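Structural features, examined
The residues making up each chain are set out below.
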Amino acid sequence: MKAKKILFITQEIEPYVPNSEYTLLGRQMSQYVLEKGREIRSFMPKWGNINERRNQLHEVIRLSGMNLIIDDTDHPLIIKVASIPAARMQVYFIDNDDFFHKRLSVANDEGKEYADNALRAIFYARGVLETVKKLRWVPDVIHCQGWISSIVPVLLKTAYKEEPSFRDCKVVFSITDQPITMPLPENFPASIAYRECTPDVLEGLSTPLMGADLQKLAIKYSDGAIISSAKPEPELTDFAKASNIPVMPFAGEDWDEYLNFFDQVWSEGKGEEEEDD
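This structure is a prediction, so every number in the text was calculated from the model and none was measured. (Residues numbered from 1 in each chain as written. Predicted model: local features only at pLDDT ≥ 70, side-chain atom pairs only at ≥ 80, totals over all residues. Heavy atoms only, no water.)

**Here we look at the overall build of the chain**
Rules: Helix and strand definitions follow DSSP, with helices as H or I runs of at least four residues and strands as E runs of at least two, each counted in order from the N terminus. Both definitions apply: the radius of gyration is a C-alpha atom measure, and the globule rule equals 2.2 Å times residues to the power 0.38. Only protein chains enter the accessibility calculation, which uses a 1.4 Å probe; a residue is then buried when its area is under 20% of its type maximum, exposed when over 50%, and partly exposed in between.
A count of helical and extended segments in the chain gives 7 helices and 11 strands. Taking 2.2 N^0.38 as the reference for a compact globule, 277 residues should give roughly 19 Å; the C-alpha atoms of the chain span a radius of gyration of 17 Å, in line with that estimate. Projecting the C-alpha coordinates of the chain onto the three principal axes gives extents of approximately 50 × 45 × 35 Å. Within the chain, the fraction of its 277 residues that count as buried is 58%.

Given below as structure tokens:
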């Protein structure tokens, strides 16, 4: 059984931010999946170093306007979109003045990590999921890549588990390097709480909560994990292998391996109710 609709919730996509191992993963792998006849949607944060005019980003008014409450504070959700003509791909951007305006990914120009990175990840996750609901688009598989997407799996399996858009989907998390070295803020357990997602989801993680716990939380609530780095952190790969879920070893730029893994995870537990095309 093939996963026909795949949602990519990623950290970086080329050409919007400087090239890296992960910008190419965000672009090339999703483009390959599209060219193989699958339907896709792609999301990334609107980092402060993205030139909106050069990349022709524009706000999608019908999707914007919602306020998300994080740590008892209202944060307006702004949705922007741009196209990559060469790839025939659209990319949706999650934006907010508090979390993304004039701010880079993990750290500022001087290399100092943002103290609210974990809260930024919560906002990003909820922003993407609320936007997908508004799009009335129902993915089969959701692929999360990068620390910023790490809250998505836990929300999918708790707060959003009965939503029609996500009720039957499977989620795959790509394990990358771990850029966050600071402890997570003390208000993180209260901030992640939303509907059926309670601070109990953090049980079994370290005390105090550290940056690596974001990816551990994602792995804990995923249906499959992918090692997306040639030099993965043993702490994270060991955690994934002990989590009783399928784990795909590092495959470099063999995008067929990724697509086959999506199909594998999607098919598990579904029997023969639907034939492959």
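Now, onward.
**A closer look at the sheet that holds strand β9 (residues 170-175)**
For clarity, the cut-off: Strand pairing is assigned whenever DSSP detects at least two bridges linking the two strands.
As summarised here, the arrangement of the 9 strands in space is β3-β6-β7-β2-β1-β8-β9-β10-β11, forming an open sheet in which the pairing is mixed. Where the open sheet ends on each side, the last strands, each with one partner, are β3 (58-59) and β11 (247-248).

**With respect to the nonpolar core**
Generally speaking, a soluble globular protein has its nonpolar side chains buried in company with each other. The condition is simple: Each nonpolar core is a collection of buried residues, namely Ala, Val, Leu, Ile, Met, Phe, Trp, Tyr and Cys, held together in the definition by side-chain atoms within 4.5 Å.
Within the largest apolar cluster, 98 residues are counted, with the highest numbers of intra-cluster contacts made by Y16, M44, I142, I151, F188 and F262. Residue contributions to this core peak at 11 residues, all from helix α2 (residues 117-135).

**Re the pairing of strand β7 (residues 89-95)**
A large share of β7 lies buried, amounting to 6 of its 7 residues. Pairing between strand β2 (residues 39-45) and β7: 4 bridges, direction parallel. Paired with S42 across the bridge in β7 is V91. Counted along the chain from strand β6 (residues 78-84) to the antiparallel partner β7, the turn is 4 residues long, and its residue R88 has a positive phi close to 55°.

**Notes on helix α1 (residues 21-35)**
Put simply, the test is: Take the residue count of a helix, subtract one, and multiply by 1.5 Å to get its expected span. Contacts were defined at the residue level, with two residues in contact if any of their heavy atoms lie within 4.5 Å.
An ideal rise of 1.5 Å per residue puts 21 Å on 15 residues; α1 measures up with 21 Å between its terminal C-alpha atoms. Of all 15 residues that make up α1, 11 are buried, and the element is covered over most of its length. The complete set of buried residues in α1 reads Y22, T23, L25, G26, R27, M29, S30, Q31, Y32, V33 and L34. Of the surrounding elements, those touching the buried residues of α1 are β1 (5-9), β2, β6, β7, β8 (141-145) and α7 (255-267). Positive phi shows up at G37, right after α1, with a value of about 95°.

**Details of the packing of aromatic side chains**
The line we're drawing: Aromatic contacts are taken between Phe, Tyr and Trp rings whose centres are within 6.5 Å, Trp giving its six-membered ring; a plane angle under 30 degrees counts as stacked, one over 60 as edge-to-face, and the others as tilted.
One pass over the structure, following the stated rule, counts 10 aromatic pairs. Seen in terms of ring centroids, Y16 and F93 are 5.0 Å apart; in terms of plane orientation they differ by 90°. Their pairing is edge-to-face. Of this pair, Y16 sits in the loop between β1 and α1 while F93 sits in strand β7, and the two are 77 residues apart along the sequence. By the burial criterion, Y16 is buried, and F93 matches it. Consider the rings of Y160 and Y194, whose centres lie 6.1 Å apart with planes at 40°: the pair is tilted. Of this pair, Y160 sits in the loop between α3 (152-156) and β9 while Y194 sits in the loop between α4 (188-192) and α5 (212-220), and the two are 34 residues apart along the sequence.

**Regarding the pairing of β8**
The buried fraction of β8 amounts to 5 of the 5 residues, a majority that puts the element mostly inside the structure. Residue alternation in β8 divides its side chains into two sets, V141, H143 and Q145 and I142 and C144, and both sets are buried. The sheet contact formed by β8 and β9 spans 5 bridges and is parallel. Bridge pairing links H143 to V172 in β9.

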